[in-house]
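# Structural overview
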Amino acid sequence: MLTRLLLVLAALLFVATPHFTVAAAVDDVDWWENAALYQIYPRSFQDSNGDGVGDLQGITQRLAYLKEIGITATWLSPIFSSPMSDFGYDISNFTEVDSIFGTLDDFKALMVQAKSLGLKIILDFVPNHSSDECEWFQKSVNRQDGYDEFYVWHDGKVNAETGEREPPSNWVSVFGGSQWTWHETRQQYFLHQFQVKQPDLNFSNPMVREHMLDVLGFWLDLGVDGFRIDAVPHIYEHRNADGSYPDEPVSGWSSDPDSYDYHDHIYTKDQPDTVELMYEWRDYLLKYEAEHGGETRVLLAEAYSAVETLSAYFGNGTRLGTQLPMNFQLMYLSGYSTARDVVGNIDYWMNTMWANHQTANWVVGNHDTERVSTRMGAHKVDLLNVIVNSLPGASVTYYGEEIGMANVETECTEISCDNRDGERTPMQWAPTKNGDFSTAESTWLPLSTDFERYNVRTERGVARSSLQVFKGLQQLKSSSAFLAFKQEGGFSYEAVTEQVLQIIRTNLRNEEYRILVNMGNKIEKITGLSNKVYEYILVTAYSVHRPGETIDLSESIILMPYEAIVLRWLA
Ligand code: GLC
């Protein structure tokens, strides 16, 4: 009763101590606000035709697994026609399925299965660039009607001293080397913020914007629930009024002039027009929803940008933008990060995004980043899963993180030689041939050597395995106190010691959960957390307790190294 009174009082006064928030009442929490999102890298999830590469039929076969572990929606990395120079992020036809993944009919079948399971499907939308093998680029090279300015072309500059032709500006691509490449046929430079085989589309051209809306419409008509927008900050570049492009200043972060970090990207990242574009795309989705009904369609944005910029992408009070500008703050943690560091990274998001928009999402990993087990240590996998699923908002899990998959040391082959291959290896389903990913003799990337230990089938049968912990967390995440962050109740998070993080979730029905995470390698004894008696609800492998045991927090609590637990107050 006292808690309830305090919470109501706090809600009325809208009081927020540094890490404690009681949100204003709103009618409902929309599905995406608290969603458990899951990223599938299609080449590596499930191979159905024995060619060693994952495909759509394979994903369809495995959708029931996502339901089993409590996922709300899954986003698929690109499935579209592509020469695969960047494994699908170089698209040659935006409304066709690549034959390596199957057919459009396979995609339709996937949608039917997803709907019947109550799972949502989100596609990757890659607007910044196409493949150089895309018909649009070929037409632009040949200056065909309407396509002349479809990409970013420029004559370049003539060096006054040498008389030689040079690129229009000093811009360096994300993968290194100039962003400008000379095209012999067209006799001009074209811009590519990523690979040479990924020419940038010219978003200042209304026809490009229209084509891209058509792409969104095409997939929306097939029933998708939203899009993850690729490389958002890179969509626009600054162009001077005279048509020239300004050089970027040196950043001081790198001594290699060919590396992306060498410059401060003030003219090639997060330009004001990009913010407008997010609003345009959201308007398109809102109109679509109004005309077609159904639940909210979402936009996730991939943007490695300052949280202040992400706030603009989300919306500005009058315009709505992307609902889920992806929050990578917890991906920046390392094996050395303490609970206080974690709080600092959480704060950076909450102080801006939560404060402005009452929204949060927490990304654990993706196909461009080392897996948690490799980045932070195998013993930290469950800790991260506990943290992201206990904080308010959406969680985003990269396939395999729920079973503690680690990066694999891969060698260059004819199929792939990418420094990100290590985090893209096949999903580990069972302790059988190829981890039950494929019947092929060899798979496009090798299986991890530890797949017989870390795999779905084995972990299903092991109490306190990463998979079991993950499933338990999803059950909690969809329960009242964890959902209640907007309508009622509140949450708080703090480092109670240098290494112990505490998250509290409550609702107005007198429920209170305490999540304690020991990030350190020492036993911690903590006193004074509360004066109430709690029950252990969820324990991880390092815990000496069992669910159902009780603990009186008016005395002290002991946490083992790397132990994470969820306690429930016995009201
Ligand atoms: C995004 C993708 C990455 C890709 C790049 C270019 O950052 O996540 O995998 O290489 O965009 O499309």
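Everything numeric in this text was worked out from a predicted model, so none of it was measured.

Cut-offs used in this document
Residues numbered from 1 in each chain as written. Predicted model: local features only at pLDDT ≥ 70, side-chain atom pairs only at ≥ 80, totals over all residues. Heavy atoms only, no water. Near = heavy atom within 4 Å. Polar contact = N/O pair within 3.5 Å; in protein donor to acceptor, adjacent residues only side chain to side chain. Areas by Shrake-Rupley, 256 points an atom, 1.4 Å probe, with all protein chains shown as cover. Domains from an automatic or database assignment. Contact = heavy atoms within 4.5 Å. Buried area = accessible area lost by both parts, 1.4 Å probe. Salt bridge = Lys/Arg side-chain N within 4 Å of Asp/Glu carboxyl O. UniProt positions renumbered as here; feature names shortened; annotations may be inferred. Helix = DSSP H or I, 4+ residues; strand = E, 2+ residues; numbered from the N terminus. Buried < 20%, exposed > 50% of the residue type's maximum accessible area, 1.4 Å probe, protein only. Pairing = 2+ DSSP bridges. Expected span 1.5 Å × (residues − 1). Arc of directions from axis to C-beta.

## Focus on the site of the ligand
Contacts to the ligand come from 13 residues, most closely from Asp86, Asp230, Glu302, His367 and Asp368. Take arginine 228: an N or O atom from its side chain is 3.1 Å from an oxygen atom of the ligand. One of the side-chain nitrogen or oxygen atoms of glutamate 302 is found 2.8 Å away from an oxygen atom of the ligand. Notes on the ligand: free accessible area 310 Å², of which the protein chains cover 95%.

## Quick notes on the domain arrangement of the chain
Domain annotation of the chain identifies domain 1 (2–127 + 206–245 + 266–477) and domain 2 (491–570). Here domain 1 and domain 2 have C-alpha centroids that lie 29 Å from each other. Contacts between domain 1 and domain 2 engage 31 residues on the former and 35 residues on the latter. For the domain 1 and domain 2 pair, buried surface summed over both sides reaches about 3,000 Å², with 69% attributable to carbon and sulfur atoms. When the buried surface of domain 1 facing domain 2 is broken down by residue, Arg340, Leu383 and Arg464 rank first, second and third, together holding 21% of it. Where domain 1 meets domain 2, there are 1 salt bridge. One salt bridge in this structure joins glutamate 498 and arginine 340, with 2.8 Å as the shortest N-O distance.

## Overview of the UniProt feature "domain: Glycosyl hydrolase family 13 catalytic" (unreviewed entry) in the chain
UniProt's entry tags residues 39–457 with the feature "domain: Glycosyl hydrolase family 13 catalytic" (unreviewed entry), counted in the numbering of this structure. Secondary structure across residues 39–457 comprises 27% helix and 12% strand; the distance between its end C-alpha atoms is 20 Å.

## Quick notes on the pairing of strand β11 (residues 188–191)
Of the two faces of β11, the one lined by Gln188 and Phe190 and the one lined by Tyr189 and Leu191 are each fully buried. The pairing of strand β7 (residues 153–154) with β11 spans 2 bridges and is antiparallel. The residue of β11 that forms the bridge with tryptophan 153 is phenylalanine 190. As defined by bridge partners, strand β10 (residues 180–183) adjoins β11 across 4 bridges and the pair is classed as antiparallel. Directly across from threonine 181, in β11, lies its bridge partner phenylalanine 190. Linking β10 back to β11 in an antiparallel pair, the connection comprises 4 residues, with glutamine 187 at a positive phi of about 60°.

## Things to note about helix α3 (residues 104–117)
Taking 1.5 Å of rise per residue, the 14 residues of α3 would be expected to cover 20 Å, and the 20 Å separating its terminal C-alpha atoms lies within 8% of that figure. Within α3, the full set of buried residues consists of Asp106, Phe107, Leu110, Met111 and Ala114. Take α3 and look down its axis: the buried residues cluster within an arc of 145°, on one side only. Looking at α3, the residues exposed on the side facing more than 90 degrees away from the buried face are Asp105, Val112 and Ser116. The secondary structure elements touched by the buried residues of α3 are α2 (56–68), β5 (93–97), β6 (120–125) and α5 (206–221).

## Concerning the pattern of salt bridges
Within this structure, the stated rule accounts for 29 salt bridges. Here aspartate 132 ties to lysine 197 by a salt bridge, and the two come within 2.9 Å at their closest N and O atoms. Highlighted residues: aspartate 132 in the loop between β6 and α4 (135–141) and lysine 197 in the loop between β11 and α5, separated in sequence by 65 residues. Judged by relative accessible area, lysine 197 falls into the partly exposed class, the value being 25%. Notably, a salt bridge pairs arginine 420 with aspartate 418, separated by 3.0 Å at the nearest N-O pair. One exposure class covers both arginine 420 and aspartate 418, and it is buried.

## With respect to the sheet that holds strand β13 (residues 298–301)
Judged by pairing direction, the sheet is parallel, and its 8 strands sit side by side in the order β14-β13-β12-β6-β3-β2-β16-β15 without closing on themselves. A single partner strand is all that each edge strand has here, and the edge strands are β14 (324–325) and β15 (361–363). Of the pairings in the sheet, the one linking strand β12 (residues 226–229) to β13 comprises 4 bridges and is parallel in character. Within β13, the residue paired with isoleucine 229 across the bridge is alanine 301.

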